[in-house]
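Here is what each chain is made of, one letter per residue.
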Amino acid sequence: MKKVVKFGGSSLASAEQFKKVGDIIRSDEGRRYVVPSAPGKRYSDDIKVTDMLYDCYRAAAVGEDFSKKLKRIQARYQEIIDGLSLNLSLDDDFAVIAENFKNQAGSDYAASRGEFLNGKVMADYLGYEFVDPANHIFFDEEGNLDADMTNESLAAKLSEIDRAVIPGFYGANYDGSVKTFSRGGSDVTGSIVAKAVRADIYENWTDVSGFLVTDPRIVDNPEVISTITYKELRELAYMGATVLHEDAIFPLRQEGIPINIRNTNRPLDKGTMIVESTCNKPKYTITGIAGKKGFASINIEKDMMNSEIGFGRKVLQVFEENHLSFEHVPSGIDTFTVYVHQDEFEDKEQNVIAGLHRAVQPDSIDLESDLALIAVVGRGMRRNRGTAARIFAALAHSHVNVKMIDQGSSELNIIIGVENRDFETAIRSIYDIFVLSQI
């Protein structure tokens, strides 16, 4: 078994957390390639090391004395080193960082040092080889990851190394300068490494025991999803659920490598498996519930619109000309509704209305604001009849008025539109009927 394991900032915030991570890695011989983030918060009011580095570099960029700020960062690492009783010095590394800050090496370089230094500490603690991703993860002239060149270089390097630490979050530009990933950096690095070594599993260790059925800020202690497919995850992520950035999933999906979301503080919990496909039957009809507030709907009415060839294209072209993307377009025989993000639409609403009148000569246009969209997702919905009826029954029982319903042809998801004020009530109602009641 060959595993790549990535640990987030909260998992590496202190020496105590490092020890937990060390125990996890040493408990499984398959955990051979480790991708660490920079130290996160040790407590709620603490500051992440990455934020400290940004602050320090801002001072350097305007010519201020940044030495005290840099010493505070070094003290954070020294606290971890001392807590682990390591015979390791980062003095030379911090001297190089100070010089590069003076020479304004860039904010990407500054931010990347959090992972770089934590990688050095982790490698020393585990006795693994340190591999600098700046030598093996490459970006092109447009700032996009050069996936083929990166995979070739990393695969060749790691084929020679049985156990290695590869810091997350950064690589190198075509000119050799350090560049960070825009979002989900360490997660992306982990997936790139997993693809390069053809791992059997990519374990992503964080501070939750897997992917939850719904938002714990809305539902108290929601159930953990044991297994979820890429398609289900894509649907939920699109509607706001966060577990891994899409860029981190794509390299693994290409290779069919499963992802296991685990909890550093509860290592015996099995977490969530993210897979291409599975015969594993879901525990509930639904897999997850996610949603977003802040939408507006533009309802266009016109008699006999269904007989007008090109009607939908003309409507959507008006939104395109106003640089507005749409979320959903439910329609009827004589109605066509477009859902958009309200904050993007408000300043352009009159231009859109005028454009629609010129393009399709509607009988009327009606706008509605302060709407929310909720996605109910699950592969189990395909084989269970009456899912939509159960959703409507739950919402009616909670006095939630449904503004829109849209079911995808894959039968994998149902999108429901409600008012912003009913958003939390709607999610709790749907969760209750499918998870708590299981009727």
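Residues numbered from 1 in each chain as written. Predicted model: local features only at pLDDT ≥ 70, side-chain atom pairs only at ≥ 80, totals over all residues. Heavy atoms only, no water.

## Concerning the packing of helix H4 (residues 91-102) against helix H5 (residues 107-126)
Two packed helices can be described by the angle between their axes and the distance between those axes. The following threshold applies: Only the stretch in contact is used when a helix axis is fitted, and all axes are lines through C-alpha atoms; the angle between N-to-C directions ranges over 0 to 180 degrees. Each helix corresponds to a stretch of at least 4 residues labelled H or I by DSSP, and each strand to a stretch of at least 2 residues labelled E; elements are numbered beginning at the N terminus. Oblique is the label for any angle not under 35 degrees, not over 145, and not in the 65 to 115 range, which are roughly parallel, roughly antiparallel and roughly perpendicular in turn. Only heavy atoms enter the contact rule, under which two residues are in contact if any of them lie within 4.5 Å. Charged means Asp, Glu, Lys or Arg here, nonpolar means Ala, Val, Leu, Ile, Met, Phe, Trp, Tyr, Cys or Pro, and polar covers whatever is left, Gly included.
Between H4 and H5, whose axes approach to 12 Å, the crossing angle comes to 175 degrees. The angle between H4 and H5 falls in the class roughly antiparallel. Residues Asp 93, Phe 94, Val 96, Ile 97, Asn 100 and Phe 101 of H4 pack against Tyr 109, Ala 110, Arg 113, Phe 116, Leu 117 and Lys 120 of H5. Taken together, the residues of the contact of H4 with H5 break down into 8 nonpolar, 1 polar and 3 charged.

## Considering the nonpolar core
How we decide: Nonpolar cores are built from buried Ala, Val, Leu, Ile, Met, Phe, Trp, Tyr and Cys residues. Side-chain atoms within 4.5 Å join them into one set. Note on exposure labels: buried denotes an accessible area under 20% of the residue type's maximum, exposed denotes more than 50%, and partly exposed covers the range between, all computed with a 1.4 Å probe on protein chains only.
In this structure, Val 4, Leu 158, Ile 259 and Ile 430 are the most contacted members of the largest nonpolar core, which totals 71 residues. The greatest single-element share of this core, amounting to 8 residues, is contributed by helix H14 (residues 423-436). If we skip the residues at most four places from it in the chain, Val 4 touches Tyr 33, Val 35, Gly 190, Val 193, Ala 194, Val 197, Ala 199, Ile 201, Tyr 202 and Glu 203. Membership of the second largest hydrophobic core comes to 46 residues, among which are Val 5, Phe 18, Leu 126 and Trp 205.

## So, the pairing of strand S11 (residues 288-301)
Just so we agree on the cut-off: Whether two strands pair comes down to DSSP finding at least two bridges between them.
Where S11 meets strand S13 (residues 364-377), 12 bridges bridge the pair, whose relative direction is antiparallel. Note that in S13 the partner of Asn 299 across the bridge is Asp 366. Bridge analysis of S11 against strand S12 (residues 335-341) gives 7 bridges, and the strand direction is antiparallel. Considered in S12, the bridge of Glu 301 is made with Thr 335.

## Details of the packing of aromatic side chains
Rules: Any two of the Phe, Tyr and Trp rings considered here, Trp counted by its six-membered ring, make a pair once their centres fall within 6.5 Å; the pair's planes then place it as stacked at under 30 degrees, edge-to-face at over 60, or tilted in between.
Tallying each qualifying case throughout the model produces 9 aromatic pairs. A centroid spacing of 6.3 Å and a plane angle of 70 degrees characterise the contact between Phe 18 and Tyr 125, whose relative ring orientation is edge-to-face. One end of the pair, Phe 18, is in helix H1 (residues 15-26); the other, Tyr 125, is in helix H5, with 107 residues separating them in the sequence. Residue classification places Phe 18 among the buried positions, given a relative accessible area of 0%.

## Some remarks on the environment of Asp 91
Operational definition: For the purposes of these results, a polar contact is taken to be a pair of N or O atoms within 3.5 Å, where, inside protein, one atom must be able to donate a hydrogen and its partner to accept one; residues adjacent in sequence count only when each atom of the pair is a side-chain atom.
Along the chain, the position of Asp 91 falls in helix H4. Residues Asp 91 and Asn 204, spaced 113 residues apart in sequence, show a C-alpha to C-alpha distance of 31 Å. Reaching out from Asp 91, the side chain makes a polar contact with the side chain of Gln 74 at a distance of 2.8 Å.

## What about a positive patch on the surface?
As a reminder of what qualifies: Every patch collects residues that have over 30% relative accessible area and no salt bridge, joining them within 9 Å if they carry like charges and within 5 Å if they are nonpolar side chains (Val, Leu, Ile, Met, Phe, Trp, Tyr). Values of accessible area rely on a 1.4 Å probe in the Shrake-Rupley scheme; residue burial ignores everything except the protein chains shown. By salt bridge we mean one thing: a side-chain nitrogen of Lys or Arg within 4 Å of a carboxyl oxygen of Asp or Glu. Under this rule, positive means Lys or Arg and negative means Asp or Glu; His and the chain ends count for nothing. Charge placement uses NZ in Lys and CZ in Arg. For Asp and Glu, CG and CD serve respectively.
Together, Lys 231, Lys 281, Arg 382 and Arg 383 give the surface a local cluster of positive charge. Secondary-structure assignment places Lys 231 in helix H8 (residues 230-238).

## Re H4
Selection rule: Any helix carries an expected span of 1.5 Å times its number of residues minus one. Comment: arc refers to directions from the helix axis out to C-beta atoms.
Taking 1.5 Å of rise per residue, 12 residues should cover 16 Å, and H4 covers 17 Å from first to last C-alpha, within 8% of that figure. Taken as a whole, H4 has its buried residues at Asp 93, Phe 94, Ile 97, Ala 98 and Phe 101. Down the axis of H4, the smallest arc covering the buried residues is 140 degrees, so these residues share one side. Turned more than 90 degrees from where H4 packs its buried face, Asp 92 and Lys 102 sit exposed. Buried residues along H4 sit in contact with helix H2 (49-61), helix H3 (67-83) and H5. Following H4 by one or two positions, Gln 104 adopts a phi angle in the positive range, close to 55 degrees.

Geometry only, nothing functional implied.
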